[in-house]
Amino acid sequence: MIEIVNLSKSFDVADGRVDALKNVSLTINDGDIYGIIGMSGAGKSTLVRCINMLERPSDGKVLINGTDIGALSDAELIKTRRKVTMIFQGFNLLMQRTCLKNICFPLELAGVDKKSARKRALELLEIVGLPDKANAYPAQLSGGQQQRIAIARALATDPEILLCDEATSALDPNTTHSILSLIREINERLGITVIIITHQMSVVEEICNRVAILDGGMVAEEGTVATVFSKPQSSAAKRLVFPDGANEIIDSHERKLRVVFNGAFATKTPMITKMAVDIGICANILAASTKCIGDKVYGNMLLGVEDEECVRKVKEYLEMTADVHVEEVNADA
């Protein structure tokens, strides 16, 4: 378990002092895939760097399995970081080393003998789906392949926690989906707790079970993904969920339904059009942010309908499709 307790971080800059994090408290349970999302400058990357003490907090604590890692000696912190590894947007691979030797590198630093390190690296190449790239160099790989090697390297020391700092931001949508699928598989197969830092709501919707929304260095909202994204309470959450203007949408006089697509099977006929034909209800699409990856739909939509009976029928109809969640958004949501 990771407990972030009253964490603050300030930086001294030319114009004065910047408070990047302000009294942040979060609990991340073992086995979670936990999303931390916010707009640029919200403090999310600073937060993830405080979790492994790459940045020392100005105040507050980070407890991992009850241990205050900020109080550890340098030698103890090095050992802890082998169990709390990280992948980045830029991959950070050593370009002069082969993929196999990139994966071996953290094992070499940990004092593992070359034979054992090579065996472990080959196992990890299998896990990330690139067993044929052992002797290739990073420059010979696509962006998605490089990130897979970076993931394998992060797994080399058998970590308990994997930190992902905008790890898919440089990738196209299909590659992003494949990397997120790999991270989910690793989470399920190895039981590793995953923390995903992102500014992309679609990433959180696709893979995370819980989410915290940061705004101005503070936690604006926290909870299960389904709850936070189906019924956002804070203005920061509304800006992410309804980027085209939450307040105007919420203030309209229709009954509002938030529809979340989390990998729902896509047909050639648009679902809302099909609903109008099947049950005779024409919903007004107030806002939408959806995408298709292969034959699956991800994203969200806000519908406006006339009355309570329409709410009931639309919810019942849409939720007959697997991986579709519908919840009414009330006037003060």
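Refer to the structure printed above.
Residues numbered from 1 in each chain as written. Predicted model: local features only at pLDDT ≥ 70, side-chain atom pairs only at ≥ 80, totals over all residues. Heavy atoms only, no water.

## Digging into empty space enclosed by the protein
Just so we agree on the cut-off: A cavity, in this analysis, means grid points on a 1 Å lattice covering only the protein atoms where a 1.4 Å probe fits yet has no way out; a pocket is instead an open set bounded by protein on both sides within 12 Å along at least five of seven lines, and a residue lines either one if it has an atom within 4 Å of a point. Grid points are joined across faces, edges and corners, and a volume is the space filled by probe spheres set on the points. A run of H or I in DSSP counts as a helix once it spans at least four residues, and a run of E counts as a strand once it spans at least two, with each numbered from the N terminus. In the scheme used here, Gly and all other residues not listed as nonpolar or charged are polar, with Ala, Val, Leu, Ile, Met, Phe, Trp, Tyr, Cys and Pro taken as nonpolar and Asp, Glu, Lys and Arg as charged.
All chains considered together, the criterion is met by two cavities of 30 Å³ or more. C164, E166, A167, T168, S169, L180, I183, I196, I197, T198, Q200 and V203 are the residues that line the largest cavity. Of all the secondary structure elements, the ones that give two or more residues to the lining of the largest cavity are α6 (173–190) and β8 (193–198). Counting residues per element, the lining of the largest cavity draws most heavily on β8, which supplies three residues. Taken together, the residues that form the lining of the largest cavity break down as seven nonpolar, four polar and one charged.

## Quick word on the side chain of E166
What counts here: Think of it in three bands: residues with accessible area under 20% of the maximum for their type are buried, residues over 50% are exposed, and the middle band is partly exposed, with areas taken using a 1.4 Å probe on protein chains only. Positive charges come from Lys and Arg alone, negative charges from Asp and Glu alone, with His and the N- and C-terminal ends not counted. Each salt bridge in this description consists of a side-chain nitrogen of Lys or Arg and a carboxyl oxygen of Asp or Glu lying within 4 Å of one another. The contact criterion used is simple: two residues touch if any of their non-hydrogen atoms lie within 4.5 Å.
Residue placement: E166 occurs in the loop between β7 (161–165) and α6. In this structure E166 is buried but unpaired, with K44 as the nearest side chain of opposite charge at 4.2 Å. In this view, E166 contacts K44, Q89, I197, T198 and H199; residues no more than four positions away in its chain are not counted.

## Thoughts on the sheet that holds β7
In a beta sheet, neighbouring strands are held together by backbone hydrogen bonds and run either parallel or antiparallel to one another. Our working rule: Each pair of strands is called paired provided DSSP finds at least two bridges between the two strands. Simply put, an axis is a line fit to the C-alpha atoms, just over the touching stretch for a helix, and the angle between two N-to-C directions goes from 0 to 180 degrees.
Read from one edge to the other, the open sheet built from six strands follows the order β6-β7-β8-β3-β9-β10, with strand pairing classed as mixed. Two strands close off the open sheet at either side, each with one partner strand: β6 (84–88) and β10 (218–224). Along the sheet, successive strands turn relative to each other by an average axial angle of 15°, direction set aside. As judged from the five bridges shared by strand β3 (residues 33–37) and β8, these two strands associate in the parallel manner. Bridging across to β8, I33 finds its partner in V194. Strands β6 and β7 of the sheet are contacted by helix α5 (residues 143–155), whose axis makes an angle of about 170° with β6.

No statement about biological role is implied by the geometric values presented.
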